[in-house]
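Analysis of the macromolecular model
One letter stands for each residue in the lines below.
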Amino acid sequence: MTDTRTRIESLVRFLCSPPCAGRAPDSPEGRAARARIVDEFKSIGAAPGGTDGYLQPVPRCGANVLAEVPGRGPLADRTVVIAAHYDHLGKVHGGQAYWGADDNAAAVAILVEVGRKLIAAAADGRRVILAAYDGEEQPHFMHNTMGSMHHVAHPTAPLASIDMMVCMDLCGHAIGPEGLPASVRDSLFVLGSELSDGTAALVDAAARPRGVTPRRIDLDLLPPLSDYYAFRKAGVPVLFLTCGRWEHYHQITDTPDRLDYRKIVHTVDYLADLTRRLRERPAPVRLQTHARDDAGTIATLRALAATLAPFAPPAAQAVRQLDVLATRCPLNATGRQMLSQMVHALEQSLAG
């Protein structure tokens, strides 16, 4: 764990240092971050996966950094994409930077370390594309200049071969203020498992005790939030891993010293195990566009609300409301609207 943490912290601190300040797409700082990520992919032995070595230029934006872990065995021509964006908001007036430690340097470090584990294992299964995307932040978000949108429009592996895209964003912080139980602070929300048959079981199977607690939530209870959007729009099954927005989201206070490196290391272990399961599962995997996970979301919210009740009295009322909703599954539109509001309220209450 010590070596992994040291590498993660080193990469996060570099991506949040003055040479990379703000990592705005195709700025000198963004290019410095890009060069470091290329070096990281080379150091773990990942093959170049771009159209120009490790790079895939994105017109009017910058460039994605893409690497591959080759597939082996009968599933070698199928694909899993593991992704995190590396760009951030640049600088404010006066030269101060938006450092973007949680958004999204921590997830880039997780991406590299998961790749390291996959290459060391040399196991049979699908190829894995390790994607560090440019242009996830505004003004590129959900436009053709967004790095993930460009990758889907110009895929480096056939879209029809991609059985899962796993997106990470805001994966570096402990949830809620200090003093809350570890079962809350160590939570990692996993959205989208309902959108492909059998994925929820894999998400849960990989969740054995490891210092991070994955909790399923229905993806459609929230608006599009990150790079998974492009893949889902193209009909590819997706998972979204996040700790949610917090008080330092899109602030100059999003700095490396505020991250929970122990939790980040455990997230590497969790995602590496989940990726192994995604690589080995039978093919093909299809997007189930209209599937819902009301029960899984209610279970997640109820577990958190019950734990928070001694610290926040409104949480006890939420438990009672969730118990009522649990008797009504599958929920109608009104019930799902209530669930969506409760997810938003939970994020707000834990943001700090």
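Preceding this section is the structure that the text describes.
The sections below set out a description of the structure shown in this document. (Residues numbered from 1 in each chain as written. Predicted model: local features only at pLDDT ≥ 70, side-chain atom pairs only at ≥ 80, totals over all residues. Heavy atoms only, no water.)

**Examining the packing of helix α9 (residues 294–308) against helix α11 (residues 333–350)**
At a closest axis distance of 11 Å, the pairing of α9 and α11 adopts a crossing angle of 40°. With respect to each other, α9 and α11 are oriented oblique. Our pair here, α9 against α11, has a crossing hand that is left-handed. Listed contacts from α11 to Asp 294, Thr 297, Ile 298, Leu 301, Leu 304 and Leu 308 of α9 are Arg 336, Leu 339, Met 342, Val 343, Leu 346 and Leu 350. (Axes fitted to C-alpha atoms, helices over the stretch in contact; angles between N-to-C directions. Helix = DSSP H or I, 4+ residues; strand = E, 2+ residues; numbered from the N terminus. Parallel < 35°, antiparallel > 145°, perpendicular 65-115°, else oblique. Left-handed = near helix turned anticlockwise from the far one by under 90°. Contact = heavy atoms within 4.5 Å.)

**Some details on the pairing of strand β7 (residues 187–191)**
Sheet faces and side chains relate simply in a regular strand, where the side chains alternate between the two faces. Most of β7 is tucked away: five of the five residues are buried. Where β7 and strand β8 (residues 213–217) come together, five bridges link them in parallel fashion. Of the residues in β8, the one forming a bridge with Leu 191 is Ile 217. Since β7 and β8 lie parallel, the crossover through helix α6 (residues 199–205) that links them has a hand, and here it is right-handed. (Buried < 20%, exposed > 50% of the residue type's maximum accessible area, 1.4 Å probe, protein only. Pairing = 2+ DSSP bridges. Right-handed = clockwise from strand over helix to strand, strands pointing away.)

**Here's the deal with the packing of helix α1 (residues 2–15) against helix α3 (residues 101–121)**
Where α1 meets α3, the closest approach of the two axes is 9 Å, and the angle between their N-to-C directions is 140°. In terms of orientation, α1 and α3 fall into the oblique class. Crossing angle aside, the handedness with which α1 passes α3 is right-handed. Judged by residue contacts, Thr 4, Arg 7, Ile 8, Leu 11, Val 12 and Leu 15 of α1 engage Ala 101, Ala 105, Ala 106, Val 108, Ala 109, Val 112, Glu 113 and Arg 116 from α3. Split by residue class, the contact of α1 with α3 holds ten nonpolar, one polar and three charged. (Nonpolar A, V, L, I, M, F, W, Y, C, P; charged D, E, K, R; others polar.)

**A short note on the nonpolar core**
Residues Phe 41, Leu 130, Met 165 and Met 168 are the most contacted members of the largest nonpolar core, which totals 106 residues. Element by element, the count of residues in this core is highest for α3, at eleven residues. In contact with Met 165, not counting residues within four places along its chain, are Val 81, Ala 83, Tyr 133, Asp 227, Tyr 228, Phe 231, Val 236, Pro 237, Val 238 and Leu 239. (Core = buried A, V, L, I, M, F, W, Y, C linked by side-chain atoms within 4.5 Å.)

**A word on the environment of Leu 274**
Mapped onto the elements, Leu 274 comes out in helix α8 (residues 261–280). Once the C-alpha coordinates of Leu 274 and Ala 207 are considered, the two residues, 67 residues apart in sequence, prove to be 8.4 Å apart. Those residues in contact with Leu 274 that sit more than four places away from it in its chain are Leu 202, Val 203, Ala 206 and Leu 239.

**Concerning empty space enclosed by the protein**
A complete count under the given rule lists one cavity of 30 Å³ or more for this structure. Taken as a whole, the largest cavity encloses approximately 40 Å³ of empty space. Considering only residue class, the lining of the largest cavity consists of eight nonpolar, two polar and no charged. (1 Å grid on protein atoms, 1.4 Å probe; cavity = no way out; pocket = protein on both sides within 12 Å on 5 of 7 lines; lining within 4 Å. Points joined across faces, edges and corners; volume = space filled by probe spheres on them.)

**Let's talk about the layout of surface pockets**
If a probe the size of a water molecule is rolled over the atoms, the empty space left behind becomes visible. Computed from the structure, the largest pocket encloses a volume of approximately 490 Å³. Surrounding the largest pocket, 28 residues form its lining, Leu 170, Leu 225, Gly 244, Arg 245 and Glu 347 being those nearest its centre. Within the residue set of the lining of the largest pocket, elements represented by two or more residues are β7, β9 (238–242) and α11. At five residues, the largest contribution of residues to the lining of the largest pocket is made by α11. Among the residues forming the lining of the largest pocket, the class breakdown is 15 nonpolar, seven polar and six charged. If you go around the second largest pocket, you meet 18 residues; those closest to its centre are Leu 308, Ala 315, Ala 318, Leu 346 and Ser 349. For the lining of the second largest pocket, the elements supplying multiple residues, two or more each, are α9, α10 (314–326) and α11. Ranked by the residues each element gives to the lining of the second largest pocket, the list is headed by α10, at six residues. When grouped by side-chain class, the residues that make up the lining of the second largest pocket number 15 nonpolar, three polar and no charged.

Interpretation in functional terms is not warranted from these geometric data alone.
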